[in-house]
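Residues per chain are reported as follows:
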Amino acid sequence: MQKENQNKLILQDSSKANKNMKFRYIIIVFLVVSNLSFGQNKKSKADIYFYEYNFTKAIQEYRKEEIKWPLTQEQRLKLADSYFQTKDFKNAAQLYVNINKENDTILSTHRVNKMLQSLSKNNQKERVDAFLQSKSHLLSEELFQNYQFNKELLAGGITSQDFKIENLSINSSQADFSPSFYKDKILFSSSRIASYKKASKSKEEGYLDIYIAKVNSTGEVLNPNPFTEIPKFSYHEATPYYSETLKKLFYIRSNSNGDNMAFNEEGKNSLAIGVFDETNVFRYLLKDLSTSFYYPFYEVDTNRLYFAANFSDSFGGTDLYYVETNNGQIMSRPINLGAKINTPANEIAPYIHNGSLYYASDIFYGFGGMDIYKTSIQADQSFSIPINLGNGINSKSDDFGLIIKNGDSNNLTGYFSSNRAGGKGKDDIYKFSVSDQIGLKTFSIRGRVVNSRTRRGVEKAFVKLLNNRGSVIREIYTNDDGDYSIELPWQKQITINTSKEGYSSFSVTYNEEGMVEAQKVPLNMGIVALKDLIEEKENKKVIKLNKFYFDKGRSEVTPLIAAELDKVIEAIRKFPQLKLSIETHTSSKGYNSTNKKISQKRSDAIKFYLLKNGASVSNIVGSIGYGEEQIINRCVNGAYCLDFLHKQNERTLIVLVK
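Residues numbered from 1 in each chain as written. Predicted model: local features only at pLDDT ≥ 70, side-chain atom pairs only at ≥ 80, totals over all residues. Heavy atoms only, no water.

Draft legend 1. A look at the overall build of the protein. What the protein contains, in helices and strands, is 11 helices and 35 strands. Since a compact globule built from 658 residues should have a radius of gyration of about 26 Å, the 35 Å found for the protein marks it as more spread out than a globular shape. Overall, the protein is about 120 × 60 × 40 Å in size when its C-alpha atoms are taken along their principal axes. Within the span of the protein, comprising 658 residues, buried residues form 55% of the whole. Total accessible area on the protein is roughly 30000 Å²; 48% of this is exposed by carbon and sulfur atoms. The positive charge centre, built from 87 side chains, and the negative charge centre, built from 74, are 3 Å apart in the protein. (Helix = DSSP H or I, 4+ residues; strand = E, 2+ residues; numbered from the N terminus. Rg over C-alpha atoms; globule rule 2.2 N^0.38 Å. Buried < 20%, exposed > 50% of the residue type's maximum accessible area, 1.4 Å probe, protein only. Areas by Shrake-Rupley, 256 points an atom, 1.4 Å probe, with all protein chains shown as cover. Lys, Arg positive; Asp, Glu negative; His and termini not counted. Charge placed at Lys NZ, Arg CZ, Asp CG, Glu CD.)

Draft legend 2. Main features of the state of the cysteines. Tallied over the entire structure, the rule returns one disulfide. Each disulfide pairs two cysteine sulfurs, and for Cys-635 the partner residue is Cys-641, the sulfurs being separated by 2.1 Å. Handedness of the Cys-635-Cys-641 disulfide follows from its S-S torsion of about -105°: it is left-handed. Exposure class is identical for Cys-635 and Cys-641. Each is buried. (Disulfide = S-S within 2.5 Å.)

Draft legend 3. Geometry of the sheet that holds strand β29 (residues 506–511). Reading across from one edge, β26-β25-β28-β29 is the order of the four strands in this open sheet, with antiparallel pairing throughout. Looking at the sheet topology across the chains shown, the edges are occupied by β26 (472–477) and β29. Neighbour to neighbour, the strand axes of the sheet diverge by 15° on average, direction disregarded. Taken together, the five bridges between strand β25 (residues 462–466) and β26 define a ladder with antiparallel strand orientation. Across the sheet, residue Lys-464 finds its bridge partner in β26, namely Glu-475. (Pairing = 2+ DSSP bridges. Axes fitted to C-alpha atoms, helices over the stretch in contact; angles between N-to-C directions.)

Draft legend 4. Spotlight on the packing of aromatic side chains. Using the criterion set out here, one finds 32 aromatic pairs in the structure. Where Phe-181 meets Tyr-415, the ring centres are 6.3 Å apart and the plane angle is 65°; that geometry is what we call edge-to-face. Within this pair, whereas Phe-181 is found in strand β2 (residues 176–182), its partner Tyr-415 is found in strand β22 (residues 411–418), the two being separated by 234 residues in sequence. Tyr-415 carries the same exposure label as Phe-181, and that label is buried. Among the aromatic residues, those joined into a ring-pair cluster are Phe-144, Tyr-147, Tyr-359, Phe-364, Tyr-365 and Tyr-373. The aromatic ring of Phe-282 is capped on one face by Arg-253, whose charged end is 4.0 Å from the ring centroid. One residue, Arg-420, lies across the ring of Tyr-430, its end atom 5.3 Å from the ring centre. (Phe/Tyr/Trp six-rings, centres within 6.5 Å; stacked < 30°, edge-to-face > 60°. Lys NZ or Arg CZ within 6 Å of the ring centre and 35° of its normal.)

Draft legend 5. Up close: the environment of Tyr-626. Checked against the element boundaries, Tyr-626 lands in strand β34 (residues 620–627). Note: C-alpha distance between Tyr-626 and Thr-584 (42 residues apart in sequence) is 6.1 Å.

Draft legend 6. Up close: the side chain of Arg-304. Among the structural elements, Arg-304 can be located in strand β13 (residues 304–309). Polar side-chain contacts of Arg-304 include one of 3.4 Å to the side chain of Tyr-322. Here Gln-381 takes part through its side chain, which lies 3.3 Å from a polar atom of the side chain of Arg-304. Those residues in contact with Arg-304 that sit more than four places away from it in its chain are Phe-297, Tyr-298, Glu-299, Tyr-322, Val-323, Glu-324 and Gln-381. (Polar contact = N/O pair within 3.5 Å; in protein donor to acceptor, adjacent residues only side chain to side chain. Contact = heavy atoms within 4.5 Å.)

Draft legend 7. Expanded view of the nonpolar core. Leu-116, Leu-132, Phe-307, Leu-402, Phe-432 and Ile-438 are the most contacted members of the largest nonpolar core, which has 104 residues in total. Top contributing element to this core by residue count: helix α4 (residues 89–102), with seven residues. Among the nonpolar cores identified, the runner-up in size contains 26 residues, and Leu-153, Leu-440, Ala-461 and Tyr-484 belong to it. (Core = buried A, V, L, I, M, F, W, Y, C linked by side-chain atoms within 4.5 Å.)

Draft legend 8. Local environment of the packing of helix α3 (residues 73–85) against helix α5 (residues 109–121). Contact geometry of α3 with α5 gives a least axis separation of 11 Å together with a crossing angle of 45°. Judged by the inter-axis angle, α3 sits oblique to α5. Relative to α5, α3 is oriented so that their crossing is left-handed. Touching Glu-74, Leu-77, Lys-78, Asp-81, Phe-84 and Gln-85 of α3 are Arg-111, Lys-114, Gln-117 and Ser-118, all from α5. (Parallel < 35°, antiparallel > 145°, perpendicular 65-115°, else oblique. Left-handed = near helix turned anticlockwise from the far one by under 90°.)

Draft legend 9. Spatial organisation of the layout of surface pockets. Of the voids in this model, the largest pocket is the one considered here, and its volume is about 1000 Å³. Along the wall of the largest pocket there are 39 residues; nearest its centre are Ser-356, Lys-374, Ser-376, Ser-444 and Gln-519. Counting only elements with at least two residues in the lining of the largest pocket, the list comes to β18 (356–361), β19 (371–376), β22, β24 (442–451), β27 (483–489) and α8 (512–518). Here the element with the most residues in the lining of the largest pocket is β24; it accounts for five residues. When its residues are assigned to classes, the lining of the largest pocket shows 14 nonpolar, 17 polar and eight charged. Computed from the structure, the second largest pocket encloses a volume of approximately 870 Å³. Looking at the lining of the second largest pocket, the elements with two or more residues in it are α7 (141–156), β26 and β27. The element that contributes the greatest number of residues to the lining of the second largest pocket is α7, accounting for seven residues. Its residues assigned to classes, the lining of the second largest pocket shows 10 nonpolar, eight polar and 10 charged. (1 Å grid on protein atoms, 1.4 Å probe; cavity = no way out; pocket = protein on both sides within 12 Å on 5 of 7 lines; lining within 4 Å. Points joined across faces, edges and corners; volume = space filled by probe spheres on them. Nonpolar A, V, L, I, M, F, W, Y, C, P; charged D, E, K, R; others polar.)

Draft legend 10. Layout of unusual backbone geometry. Even without being glycine, Ser-178 reaches a positive phi, approximately 55°. Within the secondary structure, Ser-178 is located in strand β2. A positive phi angle, near 65°, is found at Asn-539, a position not held by glycine. Summarising the element assignment, Asn-539 is placed in the loop between β31 (534–537) and β32 (540–543). A relative accessible area of 74% means that Asn-539 is categorised as exposed.

Draft legend 11. Broad picture of the sheet that holds strand β6 (residues 237–243). Reading across the sheet, the four strands line up as β6-β7-β10-β11 and stay open at both edges, with antiparallel pairing between neighbours. Only two strands of the sheet have a single neighbouring strand rather than two, namely β6 and β11 (282–286). Neighbour-to-neighbour, the strand axes of the sheet open up by a mean angle of 30°, direction not taken into account. With five bridges connecting them, β6 and strand β7 (residues 248–254) associate as antiparallel partners. Note that in β7 the partner of Ala-238 across the bridge is Ile-252.

Draft legend 12. Molecular detail of the packing of α5 against helix α6 (residues 125–134). Closest axis-to-axis distance for the α5/α6 pair is 7 Å, and the angle between their directions is 145°. Pair α5 / α6 crosses with left-handed handedness. Only Lys-125, Arg-127, Val-128, Phe-131 and Leu-132 of α6 make contact with α5, whose side of the interface consists of Val-112, Met-115, Leu-116, Leu-119 and Ser-120. Taken together, the residues of the contact of α5 with α6 sort by class into seven nonpolar, one polar and two charged.

No statement about biological role is implied by the geometric values presented.
Spelled out as structure tokens, the structure:
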């Protein structure tokens, strides 16, 4: 692998050799200077500097060369990358944009991220917004959703508390990063030169080494020394994670063959993840001569080993993955965490605490370089929208490698790495403490919209959230199973509403206290299909009711009749727009005029009951007593019929007019 300035490790394989991924989390890569197996003799002088990660000289040579002859498209991209790596974001943005204008298929998703980062750093966020709006169809749904959510979140600046952050006294003039809890101490990675290490190719820094330091009662970290409980190794060792449950230490080492570094056919030396345990033997777990692995994290609850790498299925740069293990022994292929987490940028440094995954990303919508994000791990192992932890933990520089634990009095304490202004070295370790919760406050709710009668999910139901002013702040449709999931910045009050054509609606309102509780369990919202409440009778659509009878010659609404009419009230409550007409009929027994009068009284009595118990005059558009005018069998005047046949003609219909 080649060498990069300022303690950067570039993850590359043969399919991504031109991505020039730049991170602040690993120091030094190697270049086989003696013969440069990738064939420098066929490249321009500028290209040679570029592949050596000497971006300043590469820029100078590209400028000289473009005076003599036009640069190739690939060289223009390398020049833009060189501007980006040297933080000349004005020239980087201009060149990326020009190339994209000429051919909007040239830029890889990784370079699109660099273009958008450059525009953002050059105070041209309105151009970022314009580009994303015009190209939203080219972005993954997850990326666009993450962008919109974090943009809204950061613009609102809604924080629940302030961070207390301090630079550790153990930091050196070199790079110190990747803190990790180890029993009652702290392990960390450093490029300071250890006495037993060979000199590195950079001449300015040592190979990465693991150090140990004490932690006093106030969380101050003291007395750093090389960590000597692992086998001595002459090359890179870094980013440790200790599992107290397994009594195993996971960390990265340079690929080696005996006492010598191992290189692939292109002259690259990659990093591998291994484990050291009480057997006093180091074993490689994830190893490939062309792919580097970083930042192991073992989660005891799931037996998963998380890490960063840039396999061919990555979404852009370095992605986060996990493997299933049996007490640390790998039992599955690497599994990508998916588009909700991984982006066209670089994602590194996974850490799980209290059901949330923390990691770092240099996606364009952050504060600067690497920012730290947090996402909740759902019951089905899916992830909520990752949220930027906000100003304080994050800065305009690179912030990464966060670890956290519960402190005293419900406080949270932890450490992270940053190259922010005011530090002692290229990367420093910082201590932080915060009360209650880390990061910007959000509201996240999920559940299912179901048919109240069948309990089955309702697909494509419309779900919207309104704030305390009644303004709609989020709208989505349920999926094929009726499921929904919504996240948004914290509000003082939330109203959740769902509806679908042909169905009733559901609405619930939460204040801030209720919002806290609502997030703990899924909110299943039941709605009723109108078709389940009506049926066809006498070629009319009517409310579905059990048949009822008035007492002979009477028009009073009895308790049995009221029980059925309450179903009409419930239908109106669920469908306030219903227009109904009441139709009452009698048998042919008795005089026509008498039957007409009694049926009208019965219709009027039903109307009175409905209006008294919740229906409005707009719902009841008619109440008609037909008497014996619409006999439905042959039991007309003069015909002999049994009583049960006469009873068939005594009926009340609540007809659906609209």
